Each structure stands twice: as structure tokens, then as C-alpha cells.
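Structural features, examined
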Amino acid sequence: MENRNVSKLRRWAREGIIFILLALAVMWGVDQYRKPTLPASFSATPMQSIDGKTHDIAALSQDRPLLIYVWATWCSICRFTTPSVDKLAKEGGNVVSIALRSGDDAKLARWVEKKQLTMPVINDKTGALSQQWQVSVTPTLIMVSKGEVVSTTTGWTSYWGMKLRLWWAGL
């Protein structure tokens, strides 16, 4: 009886590992399919956040990896991801966010204040920047190191997943 339980446990473990590997392969494939194609000069253009500060992607990503978080106030998945990104920013993480088609600066500022977000928010009110960068999915997370895209992912990502990606981008 004991051998039977051990063999059953081994089979479940093997099937579990196969399932996890298949899930990782599918997630990687989806990320590759939805990956934005940023222009070569994407990091050269300074952008202004809704609080009036200027953010230079090349400079911000020079010493440590930068997380660019493209999101929207109307995005249902962003409701779960945004607090984790903001937590990273509150802890001193190198984060810049871009709000896609989320209203004018005043409306977006009210929304950001209501949600008590502290991360820098750049307003892409018409979607022109996202279109230029070919970002078609929210949320999109772009890891940049020394002005170059290291990795991108789309959809929900956990706090620890973001920390791991930033650490990996710094290697």
C-alpha cells in the first residue's frame, strides 16, 4: 500500500512540474507576442509627470534598473497591480508610471490623490506615447537598465515578481 502511495505522489509531482513548465512557457509566449516595440530613442525624451517634475528615462536607469509601469484608471487588472508598484516606489524603488488615456491632468491628479499613490505619474491622455511605444495591453511593465529595455511583461504581476524582475535587470 505504501509503495502505491509513493508512486502516486511521484506521478502527481511529475505532472505538477510539467504543468508549471507549460504555464511558464505559455506566459513567456504571451509576453513575447504582446511585447511593445519601443523606438530606439524612447529613453532620450524627458517626460513630465502630473506633479510638474521632469523624468529622464536614460538618466533614471543609469545607476539602477527602472520599472516603467504603463497602466490606466479604467483597467481592471491594474487595480490589483498598481498598489504593488506604488509600494515599490514608497520603498525607494526606481519607478515611473504612465497612465494611458485616463483623463486630463486634473482628473488624473484627483484619482491619484484619492488612491493615495506616491509613484510618479506621467499622463498619456491621448495614448500617443503608448501608441508610439506600441503598448497595446494594460498593465505593461518595462524594465530598463542604462537606457535599454531589459525585459517586458504584461498583465498582473505580483510585488515579489516585480522585485525579482528589477533585481534580474540589474545583473
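Structure: above.
Report follows, based on the coordinates.

Another aspect to go through is the state of the cysteines. Summed over the entire model, instances satisfying the criterion amount to one disulfide. Between the sulfur of Cys-75 and that of Cys-78 lies a disulfide, 2.5 Å long from S to S. Handedness here is read from the sign of the S-S torsion; for Cys-75 and Cys-78, about 80 degrees, the answer is right-handed. Judged by relative accessible area, which is 1%, Cys-78 ranks as buried.

A few words on the sheet that holds strand E3 (residues 66-71). To summarise the sheet geometry, strands pair through backbone hydrogen bonds and adopt either a parallel or an antiparallel arrangement. Reading across from one edge, E5-E4-E3-E6-E7 is the order of the five strands in this open sheet, with mixed pairing throughout. Unpaired on one side and paired on the other, strand E5 (121-124) and strand E7 (148-154) mark the two borders of the sheet. Between one strand axis and the next, the sheet turns by 20 degrees as a mean value, whatever way the strands run. In this sheet, strand E6 (residues 140-145) lies alongside E3 in antiparallel orientation, the contact comprising five bridges. Bridge pairing in E6 places Ile-68 opposite Ile-142. Across the face of the sheet, helix H3 (residues 78-90) comes into contact with E3 and strand E4 (95-100) while running at roughly 150 degrees to E3. Packed on one face of the sheet, helix H4 (residues 105-114) meets E3, E4 and E5 and runs near 140 degrees to E5.

Take the environment of Ser-49 next. By the secondary structure assignment, Ser-49 is in the loop between strand E1 (47-48) and strand E2 (54-55). Residue Ser-49 is classed as buried on the basis of its relative accessible area, which comes to 5%. In the structure, Ser-49 is positioned 72 residues away from Val-121 in sequence and 5.2 Å away in space, judged by C-alpha atoms. Beyond its immediate chain neighbours, meaning those up to four positions away, Ser-49 contacts His-55, Val-121 and Ile-122. Within polar-contact distance, the side chain of Ser-49 engages the side chain of His-55 at 3.0 Å.

Attention now moves to the nonpolar core. With 22 residues, the main nonpolar core has Leu-67, Trp-71 and Met-119 as its most contacted residues. For this core, the elements supplying multiple residues, two or more each, are E3, H3, E4, H4, E6 and helix H6 (159-169). Listed in part, the 13 residues of the second largest apolar core include Ile-57, Ile-98, Trp-133 and Ile-142.

About the cut-offs
- Residues numbered from 1 in each chain as written.
- Predicted model: local features only at pLDDT ≥ 70, side-chain atom pairs only at ≥ 80, totals over all residues.
- Heavy atoms only, no water.
- Disulfide = S-S within 2.5 Å.
- Buried < 20%, exposed > 50% of the residue type's maximum accessible area, 1.4 Å probe, protein only.
- Pairing = 2+ DSSP bridges.
- Helix = DSSP H or I, 4+ residues; strand = E, 2+ residues; numbered from the N terminus.
- Axes fitted to C-alpha atoms, helices over the stretch in contact; angles between N-to-C directions.
- Contact = heavy atoms within 4.5 Å.
- Polar contact = N/O pair within 3.5 Å; in protein donor to acceptor, adjacent residues only side chain to side chain.
- Core = buried A, V, L, I, M, F, W, Y, C linked by side-chain atoms within 4.5 Å.

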